[in-house]
Amino acid sequence: MKPINIGVMGVGTVGGGTAQVLRNNAEEISRRAGRAIRLFMAANRDVERAREVCGDDVTVVDDAFAIVNHPEVDIVVELIGGDTIAKELVLKAIENGKHVVTANKKLLAVHGNEIFARAQEKGVMVAFEAAVAGGIPIIKALREGLSANHIEWIAGIINGTSNFILTEMREKGSNFADVLAEAQRLGYAEADPTFDVEGHDAGHKLTIMASIAFGIPMQFDKCYLEGISQLTAKDIKYAEELGYRVKLIGLTRRTDAGIELRVHPTLIPEKRLIANVNGVMNAVLAKGDAVGPTLYYGAGAGALPTASAVVADIVDVTRLLTSDPEHRVPHLAFQPDQLKDLRILPIDEIYSSYYLRIGAVDRAGVLANITSLLAEQGISIEAVIQKGSVSDGSAEVVILTHLVQEKAVNAAIAAIEALDSVDGKVVRLRMEELNG
Ligand SMILES: NC(=O)c1ccc[n+]([C@@H]2O[C@H](COP(=O)([O-])OP(=O)(O)OC[C@H]3O[C@@H](n4cnc5c(N)ncnc54)[C@H](O)[C@@H]3O)[C@@H](O)[C@H]2O)c1
Ligand SMILES: N[C@@H](CCO)C(=O)O
Ligand code: NA
């Protein structure tokens, strides 16, 4: 049987890893796929570099449109990134009737509704396992493994770069900028690493998972994003003293009022498995009504782990090439005409527990004032500790609240900050039990 011809667009970290995995495991891969899969063409800005990586038997070009327009390319693999040229290439490939594999979460979170609609019209597959949680087969798990369930919520550590930074800062006391540079050197970070540290990348991945879990269109523009760049070592330390780890969590949850879709630093009880996921490792907790909580763990970034997911998609697409489009797993798990436009909740409507750190000046009755302002908003307190000493003016009060709506906490914070006896801004971090 004729081999399947792969055209890889973008031979950087993931493209290079993909070439390597296709080459190293060629025999096993074709035994699984039922026919030989070969890297036929590659496009890269740096053609020489791509030639070194791909070998002499691969046609290397600098214009990726040569791949999407090539009659002998069966599967187009988009590993360029971003949503400009990558979008044009993917849409052109679909128009040309080619199947697409991509690792590009931004492209799908922002333009996925359009891309999947076009793919549906053309009867082609767009596979994207590498786009979420790198090498962890989370798309397959959510889309197929949990298809019996009413999925209640998903919470994940889904940005390897941020988790690597938080881990190195915590374990080695390293400096934020140094660890970020190391994550870039290791190929974990996005082309613009603010996407990693400000929560955008996690938001892209969360948007995709929410869509698959709940049968809703992609709505990245409604995802709440807060990254780790403003986190202080002090709050990480205080959280630890209270028995919590701080992680950048992407959380999506069904409620009667709508869908929560939010990314932010989060205090998690240290005894949870997910609180102990460190370095570039990712983990996703998914709670289904029938199965209960399930946990998926593995490398969230890096050349070979991500290539593992890219090549698995290539195998899947190869196996399904001759199947009728209506017999394939729907792109977003639900049949395309069954997606529901459920409301995404604005952040001030979500319910959470909170960690508050308040700088207090040396004055009697400060704590009483603070707790009465919290009580006025109906906020009950789980724990209060005082850090530092009032006499040297460095006192801080750390309060953990019970579950409350975010708008009530914000109102209480505004009132607390207005007190004469309170210094500066109140630090507010969300807390989640994540115990299923
Ligand atoms: N690095 C990871 O660990 C990882 C993990 C999962 C998903 N991803 C995603 O995979 C994609 C690629 O990421 P990466 O880390 O490999 O990026 P990268 O910057 O290492 O590689 C991108 C490659 O594309 C090439 N390129 C750029 N514009 C091009 C064009 N117009 N034509 C041809 N080639 C072009 C660049 O020269 C570069 O070699 C992104 O969407 C990223 O979000 C990356
Ligand atoms: N920059 C991403 C790559 C994997 O999607 C991360 O750090 O998780
Ligand atoms: Na994955």
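Quick caveat, the model's predicted, so the values are computed rather than measured. (Residues numbered from 1 in each chain as written. Chains lettered and ligands numbered in written order. Predicted model: local features only at pLDDT ≥ 70, side-chain atom pairs only at ≥ 80, totals over all residues.)

Draft legend 1. Representation of the site of ligand 2 within the structure. Around ligand 2 sit Gly 134, Asn 159, Gly 160, Thr 161, Tyr 188, Ala 189, Glu 190, Asp 196, Asp 201, Gly 300 and Ala 301, and that is every residue in its neighbourhood. Split by residue class, the shell around ligand 2 holds three nonpolar, five polar and three charged. (Near = placed C-beta within 6 Å. Nonpolar A, V, L, I, M, F, W, Y, C, P; charged D, E, K, R; others polar.)

Draft legend 2. Representation of the pairing of strand β9 (residues 244-255). Counted residue by residue, β9 has ten buried out of twelve residues, so it is predominantly covered. Bridge analysis of strand β7 (residues 151-157) against β9 gives four bridges, and the strand direction is antiparallel. Its bridge partner being in β9, Ala 155 is matched across the sheet by Leu 251. Bridge analysis of β9 against strand β10 (residues 258-269) gives twelve bridges, and the strand direction is antiparallel. Counted as the bridge partner of Tyr 244 is Pro 269 from β10. Here β9 folds back onto β10, and the loop between the two strands holds two residues. (Buried ≥ 20, exposed ≤ 12 C-beta atoms within 10 Å, placed from the backbone. Helix = DSSP H or I, 4+ residues; strand = E, 2+ residues; numbered from the N terminus. Pairing = 2+ DSSP bridges.)

Draft legend 3. View of the site of ligand 1. Around ligand 1, the surrounding shell holds 27 residues, and the nearest of these are Gly 10, Gly 12, Arg 45, Gly 81 and Ala 301. Examining the composition of the shell around ligand 1, we find that three residues originate from one element, helix α1 (residues 13-24), more than from any other. Classifying every residue of the shell around ligand 1 by side-chain character gives 13 nonpolar, eleven polar and three charged. Of the domains in this structure, domain 1 (4-136 + 304-338) and domain 2 (143-299) are the two that each give at least three residues to the shell around ligand 1. (Domains from an automatic or database assignment.)

Draft legend 4. Inspection of the pairing of strand β17 (residues 422-431) at higher detail. Bridge count between β10 and β17: two bridges; the pairing is parallel. Looking across to β17, one finds that Thr 266 is bridged to Arg 430. In the sheet, strand β13 (residues 351-360) pairs with β17 via seven bridges, with the strands oriented antiparallel. Each residue of the ladder has a partner; that of Arg 357, found in β17, is Val 427.

Draft legend 5. Molecular detail of the domain arrangement of the protein. One can read the domain layout of the protein as domain 1 (4-136 + 304-338), domain 2 (143-299) and domain 3 (350-431). For the side of domain 2 that touches domain 3, the elements supplying multiple residues, two or more each, are α12 (233-241) and β10. If one sorts the elements of the side of domain 2 that touches domain 3 by residue count, β10 sits on top with six residues. Looking at the side of domain 2 that touches domain 3, its residues break down into six nonpolar, two polar and three charged.

Draft legend 6. Focus on the packing of helix α6 (residues 105-122) against helix α11 (residues 200-214). Here α6 crosses α11 at 55°, and the two axes come no closer than 8 Å. Here α6 is positioned oblique relative to α11, judged by the angle of their axes. In terms of crossing hand, the pair formed by α6 and α11 is left-handed. Taken together, the residues of α11 that come into contact with α6 (itself represented by Lys 105, Lys 106, Leu 108 and Ala 109) are Asp 201, His 204, Lys 205, Thr 207 and Ile 208. (Axes fitted to C-alpha atoms, helices over the stretch in contact; angles between N-to-C directions. Parallel < 35°, antiparallel > 145°, perpendicular 65-115°, else oblique. Left-handed = near helix turned anticlockwise from the far one by under 90°. Contact = placed C-beta atoms within 7 Å.)

Draft legend 7. Looking closely at the environment of Gly 215. Examined against the element boundaries, Gly 215 turns out to sit in the loop between α11 and β8 (224-225). Judged by local crowding, Gly 215 falls into the partly exposed class, with 17 C-beta atoms found within 10 Å. A sequence separation of 26 residues divides Gly 215 from Ala 189, and the C-alpha atoms of the two residues are 29 Å apart. Leaving out residues up to four positions away in the same chain, Gly 215 has contacts with Ala 333, Phe 334, Gln 338, Leu 339 and Lys 340.

Draft legend 8. The arrangement of the sheet that holds strand β5 (residues 99-102) in detail. Taken together, the six strands give an open sheet; going across it, the order is β3-β2-β1-β4-β5-β6, and neighbouring strands pair in parallel fashion. Sheet topology places β3 (59-61) and β6 (126-127) at the edges, where each strand pairs with a single neighbour. Where β5 meets β6, two bridges bridge the pair, whose relative direction is parallel. Bridged to Val 101 within β6 is Ala 127.

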